[in-house]
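Here is what each chain is made of, one letter per residue.
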Amino acid sequence: MSLRANANDLVRKVNWRKQSIASAAAAGVLLLTLAILLIGQRLPEMAEPVLEVRTISVALPPPPPPPPQPVTQPQVDVPIDVSAPGQGAIVPEIDVPKEIVLDQPEAPKITTIQPVFDNLAPDLDVFNLDQLDGLPKLLTQASITMPNSLLRRGIKEVSLRLEVTIDETGRLTLNRIIENPYPELNKEIHRLIKLSRFTPPEKEGRPVRARFIWPIEIKS
């Protein structure tokens, strides 16, 4: 019985060793497999990058040809003969006077007829002529220079009618031109109004303003 027991005990020990060896071998294989996997994953990181340089040749197109130059004809100087038979032109001698005297043109003489006043209705403080103590008197000479454009046309008589106002000092103001057949006289009419003076109109002994129509007859 002791021998059988010893044999069984020996068998158990042998089996246990086999199992231990098998377990150790399996564990070693497992560890080796894990190590190979880890090394495989870290291998790309451990490898140094390789920089590859390539040379590329690029061929540029040829430059365009230059534009054609214009063909110029050579200039040839041809002598021109301007000579003519004869002695040429003769310039006559002209006596030029040292002093030239021009006759001064005569200025047209304009005469005016004494104005006759026409009444107008009063306007505010502007009185009618029949409301004044007396008619204003013209203190200056009424003169108008006839334009040359009218004289060349043979116009020697002109009738004008102007609406004017005399202030308290006898100065005139042109309200409007009622009758003037020739617009060329407008400038002279304004000059006449500016230079003309009347005696101050009076109402009950005090100077006032008066408005009236001033007819003018011009004869040259």
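Model, not experiment: these values are computed from the prediction.

1. Focus on the overall build of the protein
Reasoning step 1: Along the backbone of the protein there are three helices and eight strands.
Reasoning step 2: A separation of at least 24 residues holds for 74% of the contacts in the protein among residues at least 6 apart in sequence.
Reasoning step 3: Only carbon and sulfur atoms are counted for the fraction: they give 59% of the accessible area of the protein, which is about 18700 Å².

2. Remarks on helix α3 (residues 186-195)
Reasoning step 1: Residues of α3 that are buried: Glu188, Ile189, Leu192 and Ile193. Around the axis of α3, the buried residues are gathered within 140° of arc, so they sit on the same side. Exposed side chains of α3 directed beyond 90 degrees from the buried face belong to Lys187, Lys194 and Leu195.

3. Here we look at the pattern of salt bridges
Reasoning step 1: On inspection of all chains with the given rule, the structure shows four salt bridges.
Reasoning step 2: Residue Glu184 is joined to Arg153 by a salt bridge in which the shortest nitrogen-to-oxygen separation is 3.4 Å. Remark: Arg153 occurs in the loop between α2 (148-152) and β4 (157-166) and Glu184 occurs in the loop between β5 (172-179) and α3; sequence separation between them is 31 residues.
Reasoning step 3: Among the ionic pairs, Arg191 bridges to Glu188, the shortest N-O distance being 2.8 Å. Taken together, the residues span about one helical turn, with Arg191 and Glu188 both in helix α3 at a distance of three residues.
Reasoning step 4: A network of salt bridges, in which partner residues are shared, links Glu163, Arg176 and Arg211.

4. Re the packing of aromatic side chains
Reasoning step 1: Following the criterion strictly, the structure yields two aromatic pairs and no others.
Reasoning step 2: A centroid spacing of 6.2 Å and a plane angle of 70° characterise the contact between Phe198 and Phe212, whose relative ring orientation is edge-to-face. Within this pair, whereas Phe198 is found in the loop between α3 and β6 (202-203), its partner Phe212 is found in strand β8 (residues 209-219), the two being separated by 14 residues in sequence. Exposure class is identical for Phe198 and Phe212. Each is buried.
Reasoning step 3: In this structure an aromatic cluster arises from ring pairing among Phe198, Phe212 and Trp214.

5. Description of the side chain of Asn128
Reasoning step 1: Structurally, the position occupied by Asn128 is in the loop between β3 (126-127) and α2.
Reasoning step 2: Judged by its relative accessible area of 9%, Asn128 falls in the buried class.
Reasoning step 3: A distance of 3.3 Å separates polar atoms of two side chains, one belonging to Asn128 and the other to Asp130.

6. Some remarks on the side chain of Asn180
Reasoning step 1: Looking at the secondary structure, you find Asn180 in the loop between β5 and α3.
Reasoning step 2: Assessed through its relative accessible area of 18%, Asn180 is described here as buried.
Reasoning step 3: Separated by 2.9 Å, the side chain of Asn180 and the backbone oxygen of Tyr182 make a polar contact.
Reasoning step 4: In this structure the side chain of Asn180 is engaged in a polar contact, spanning 2.8 Å, whose partner is the side chain of Asn186.
Reasoning step 5: Those residues in contact with Asn180, other than ones at most four positions away along the chain, are Leu160, Leu185, Asn186 and Ile189.

7. A few points about unusual backbone geometry
Reasoning step 1: A positive phi is found at Glu204, a non-glycine position, where the angle reads about 55°.
Reasoning step 2: Turning to its location among the elements, Glu204 is positioned in the loop between β6 and β7 (206-207).
Reasoning step 3: Taking relative accessible area as the criterion, Glu204 reaches 67% and is therefore assigned exposed.

About the cut-offs
- Residues numbered from 1 in each chain as written.
- Predicted model: local features only at pLDDT ≥ 70, side-chain atom pairs only at ≥ 80, totals over all residues.
- Heavy atoms only, no water.
- Helix = DSSP H or I, 4+ residues; strand = E, 2+ residues; numbered from the N terminus.
- Contact = heavy atoms within 4.5 Å.
- Areas by Shrake-Rupley, 256 points an atom, 1.4 Å probe, with all protein chains shown as cover.
- Buried < 20%, exposed > 50% of the residue type's maximum accessible area, 1.4 Å probe, protein only.
- Arc of directions from axis to C-beta.
- Salt bridge = Lys/Arg side-chain N within 4 Å of Asp/Glu carboxyl O.
- Phe/Tyr/Trp six-rings, centres within 6.5 Å; stacked < 30°, edge-to-face > 60°.
- Polar contact = N/O pair within 3.5 Å; in protein donor to acceptor, adjacent residues only side chain to side chain.

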